[in-house]
Number of protein chains: 2
Amino acid sequence: MVQVMDPARVQTRRMEILAAASAVFRERGFHAAGMREIAQRMGVAVGKLYYYFDSKEALLAFCQEDCLRRLLDMVAQAEQSSASPALQLQAIVRGHVRCLNSEVPGSLAHLEVESLAPADRARIMRLRRRYERALQGVLERGVAAGCLRCADLPLATRTLLGAMNWTVKWWRPDGRMGLDALADGVVEQMLHGLAVSRRKGAH
Amino acid sequence: MVQVMDPARVQTRRMEILAAASAVFRERGFHAAGMREIAQRMGVAVGKLYYYFDSKEALLAFCQEDCLRRLLDMVAQAEQSSASPALQLQAIVRGHVRCLNSEVPGSLAHLEVESLAPADRARIMRLRRRYERALQGVLERGVAAGCLRCADLPLATRTLLGAMNWTVKWWRPDGRMGLDALADGVVEQMLHGLAVSRRKGAH
DNA sequence: CCATCACTTGAACCATGGTTCAGATGATAA
DNA sequence: TTATCATCTGAACCATGGTTCAAGTGATGG
């Protein structure tokens, strides 16, 4: 062994590739993105990508996994804070839209699950469910604490997820509002709703 | 002219193709869907698809356009009813999730805009914006009428759109809830929110 | 009948783009 | 200096799948 197979160095290379891939995936969409284009963006040859990843699908899987772990870390951190559930929710929504929309590697990960190889899909879906459950747990504790209410917890979770995930389809960095303002607006709407009248069955 | 080029017949054929294409697009996603598979689903040859459509992209464009026109009709109908804005909103959400999730042709249209040919994209985007504006108009009139409130109209519209569009990612016909129940749940949450406490700046 | 033409067929064509691999590079230990 | 091995290169390979088109079918008007 003349040269070390430094795992840290490998990890670094993988993250660099991830960053470029993530950017191209975001701009072109997964299918339209080409391996050549990702390589070109980094100023390297295509072969390098295949030295660190088995396939394009593996690259996508790594991309999604990284993002989901980031999200899970974020929600865990929010959970263990002493803030009220409503404030925890705000922190989570901020973290979520930032994670999906910022330039950092791993964004856009949620979408495009269909394109994953079956082998990876199971693992990703498990992480995804874990994140959704965590999110639902925050709502649930809010209800238990008496400061939130909702008739259908899973539905509420998915509605929230939809609102957050959809932002990647329209939000642009050069738009009129920043990510935090966006997140705060979503939270405000989600918490207090659009109706002026008192809610009907407020038992 | 020995045989008539019956426009109605042509339209029928196009709609039949649309139905099959829409189904396959939904199951596999646009890129993974193959023209051969669409043809096979109908029990015809691939060539037939190209007799009625210029390309796969044109097929997608037709698919999206059909769905958007359906949505626009639906929202127009809701608008000219004498129901309260809140009830109009309910009707629209019901119509929207039904349109996106039911088996009828044209569903799943909103997503995959990236895959459109530039020529079609402009037309589709125009329809899309028109629909979003119509939706926003309903909210706006609700605010004007004093039964709705919202700090950021465009943001509210997009949040709602996100919640509705996201349903195609998780709702399944064999699940526990029907489409109308789903829609009603979304409306309830959107109108009255998740918070128990009085809203803060309720001027 | 026959000619015409809308409509349909499906095998063949071909561009795209993911993937491979034989060879170059260069750092390190001996 | 030299051998070795991780790392990287990029041209070539090849499967996939959108697209074409020459030929078939059958209804219709003459």
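See the structure above.
In this report, the structure presented in the accompanying data block is examined. Remember, it's a predicted structure, so these values are computed and weren't measured experimentally.

Conventions adopted
Residues numbered from 1 in each chain as written. Chains lettered and ligands numbered in written order. Predicted model: local features only at pLDDT ≥ 70, side-chain atom pairs only at ≥ 80, totals over all residues. Heavy atoms only, no water. Near = heavy atom within 4 Å. Polar contact = N/O pair within 3.5 Å; in protein donor to acceptor, adjacent residues only side chain to side chain. Helix = DSSP H or I, 4+ residues; strand = E, 2+ residues; numbered from the N terminus. Nonpolar A, V, L, I, M, F, W, Y, C, P; charged D, E, K, R; others polar. Salt bridge = Lys/Arg side-chain N within 4 Å of Asp/Glu carboxyl O. Buried < 20%, exposed > 50% of the residue type's maximum accessible area, 1.4 Å probe, protein only.

Considerations on the protein's contact with DNA strand D
Then comes step 1: Around DNA strand D sit 20 residues in total, of which A:Tyr52, B:Met35, B:Arg36, B:Tyr50 and B:Lys56 are the nearest.
Then comes step 2: Sugar plus phosphate: this is where 58% of the atoms of DNA strand D within 4 Å of the protein reside.
Then comes step 3: The separation between a phosphate oxygen of DNA strand D and a polar side-chain atom of A:Tyr51 is 3.0 Å.
Then comes step 4: Taking B:Ala33, its main chain carries an N or O atom lying 3.2 Å from a phosphate oxygen of DNA strand D.
Then comes step 5: Secondary structure elements with two or more residues in the surface near DNA strand D: helix 3 (46–52) of chain A together with helix 2 (35–42) of chain B.
Then comes step 6: Of the residues forming the surface near DNA strand D, the biggest block, four residues, is contributed by helix 3 of chain A.
Then comes step 7: Partitioning the surface near DNA strand D into residue classes produces ten nonpolar, five polar and five charged.

Focus: the pattern of salt bridges
Then comes step 1: Tallied over the entire structure, the rule returns 28 salt bridges over all chains.
Then comes step 2: Across the salt bridge formed by A:Arg69 and A:Glu65, the nearest N and O atoms sit 3.1 Å from each other. Placement of the pair is A:Arg69 and A:Glu65 together in helix 4 (residues 56–79), with a separation of four residues, close to one helical turn.
Then comes step 3: The class of A:Arg69 is partly exposed, set by a relative accessible area of 42%.
Then comes step 4: Judged by its relative accessible area of 14%, A:Glu65 falls in the buried class.
Then comes step 5: The shortest N-O distance in the salt bridge between B:Arg94 and B:Asp180 comes to 3.8 Å. Residue B:Arg94 is found in helix 5 (residues 85–101), and its partner B:Asp180 is found in helix 9 (residues 179–192); the two are separated by 86 residues along the sequence.

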